[in-house]
Amino acid sequence: MPSTEALPLFPLHTVLLPGAPLGLRVFERRYLDLVAECGRQGRSFGVCMILEGEESGAPATPAAFGVEALIEDFGSEPGGVLTLAVRGARRFRVSRTSVRDNGLLVGQVRWRDQRQEPGSGARLLPEHAVLGTLLGELLQKVGGLHDAPNLRLLEDAEWVGWRLAEILPISEEQRLALLQQDDPHRRLQQLLLWMDE
């Protein structure tokens, strides 16, 4: 059994997906402390969907699965609100949580993914080729989310699944279900089933 690692958590009412961008507004002391700690130590934090509770106030109950958030940029708004641009990286599973004195949740996590370059994973199965084509068309129409992908990315089962989960109008609960699925082909099959409903 792989060992666990301590990871500070930022529970939200949304699901961060691997490779997806997310904008955050940070104003609570515990999360300002978290960002400062990440900056000092060159570390990341985890984003988990909230199952019970709210984003501010008392610590919320997070889902057992989440995604590592890498800080790409930051700024500020009037009133001292810190803004962050983060991007999802590796998936993790939380085995247990603790609460620091300042109210910050810290999870003991096991990583579900190894870092790899987009386009280096499993290729699309023939029955999922239509999803790669659909994604290519969607990315051309929506623009801005991702650079125009090369053909290699549109044949990568992992990348296609995460980008479709990011773009398609599915619920946060459905995104969480996909996040819990380790097999990229099963993830794509589930997306196909939802699209047929």
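Residues numbered from 1 in each chain as written. Predicted model: local features only at pLDDT ≥ 70, side-chain atom pairs only at ≥ 80, totals over all residues. Heavy atoms only, no water.

Asks: Could you give me a rundown of helix α2 (residues 129-142), with the residues and numbers involved?
Replies: Between its first and last C-alpha, α2 extends 20 Å over 14 residues, near the 20 Å set by a 1.5 Å rise per residue. Residues Leu 131, Gly 132, Leu 135, Gly 136 and Leu 139 constitute the buried set of α2. On an axial view of α2, the arc spanned by its buried residues comes to 140°, and they lie on one face. Of the residues in α2, the exposed ones pointing more than 90 degrees away from the buried face are Val 130, Gln 140 and Lys 141. Among the structural elements, α3 (151-154), α4 (157-167) and α6 (184-196) are those in contact with the buried residues of α2. (Helix = DSSP H or I, 4+ residues; strand = E, 2+ residues; numbered from the N terminus. Expected span 1.5 Å × (residues − 1). Buried < 20%, exposed > 50% of the residue type's maximum accessible area, 1.4 Å probe, protein only. Arc of directions from axis to C-beta. Contact = heavy atoms within 4.5 Å.)

Asks: Outline the nonpolar core, supporting the account with residue identities and numerical values.
Replies: One finds Phe 10, Leu 24, Phe 45, Leu 84, Leu 135, Leu 179 and Leu 191 to be the most contacted residues of the largest nonpolar core, which totals 46 residues. At seven residues, the largest contribution of residues to this core is made by α4. Ranked by size, the runner-up nonpolar core spans eight residues in total, among them Leu 9, Phe 92, Val 94 and Trp 111. (Core = buried A, V, L, I, M, F, W, Y, C linked by side-chain atoms within 4.5 Å.)

Asks: How would you summarise the pairing of strand β1 (residues 5-12) if you had to cite specific residues and measurements?
Replies: With respect to burial, β1 is a largely interior element, six of its eight residues being buried. Here β1 pairs with strand β6 (residues 105-111) via four bridges, running antiparallel. Across the sheet, the residue bridging to Ala 6 is Gln 108, located in β6. Sheet topology note: the β1/strand β3 (residues 45-52) ladder contains four bridges and is parallel. (Pairing = 2+ DSSP bridges.)

Asks: Tell me about the pattern of salt bridges, and please be specific about residues and values.
Replies: Here the idea is simple: oppositely charged side chains can pair when their charged atoms come close. Counted according to the given criterion, the structure contains 13 salt bridges. Here Glu 77 makes a salt bridge to Arg 25, at a shortest N to O gap of 2.8 Å. Linking Glu 77 in strand β4 (residues 61-77) with Arg 25 in strand β2 (residues 21-26), this pair joins segments that are 52 residues apart in sequence. When the shortest N-O distance is used, the salt bridge between Arg 30 and Glu 28 registers 3.2 Å. Given the relative accessible area of 5%, Arg 30 is considered buried. When salt bridges with common partners are traced through the structure, they connect Arg 91, Arg 112 and Asp 182 into a single cluster. (Salt bridge = Lys/Arg side-chain N within 4 Å of Asp/Glu carboxyl O.)

Asks: If you had to explain the packing of aromatic side chains to someone new, which residues and values would you point to?
Replies: Under the defined criterion, the tally for this structure stands at three aromatic pairs. Ring centres 4.1 Å apart and planes at 20° place the aromatic pair Phe 10 and Tyr 31 in the stacked group. Of this pair, Phe 10 sits in strand β1 while Tyr 31 sits in helix α1 (residues 29-41), and the two are 21 residues apart along the sequence. A single burial state applies to Phe 10 and to Tyr 31, both of which are buried. (Phe/Tyr/Trp six-rings, centres within 6.5 Å; stacked < 30°, edge-to-face > 60°.)

Asks: Describe the packing of helix α5 (residues 172-179) against α6, naming the residues involved and giving the relevant values.
Replies: Where α5 meets α6, the closest approach of the two axes is 10 Å, and the angle between their N-to-C directions is 155°. Of the possible angle classes, the one that applies to α5 and α6 is roughly antiparallel. In this structure, α5 crosses over α6, and the sense of that crossing is right-handed. For the pair α5 and α6, contact is made by Gln 174, Ala 177 and Leu 178 and by Arg 187, Gln 190, Leu 191 and Trp 194, respectively. Along the lines of polarity and charge, the residues of the contact of α5 with α6 split into four nonpolar, two polar and one charged. (Axes fitted to C-alpha atoms, helices over the stretch in contact; angles between N-to-C directions. Parallel < 35°, antiparallel > 145°, perpendicular 65-115°, else oblique. Left-handed = near helix turned anticlockwise from the far one by under 90°. Nonpolar A, V, L, I, M, F, W, Y, C, P; charged D, E, K, R; others polar.)

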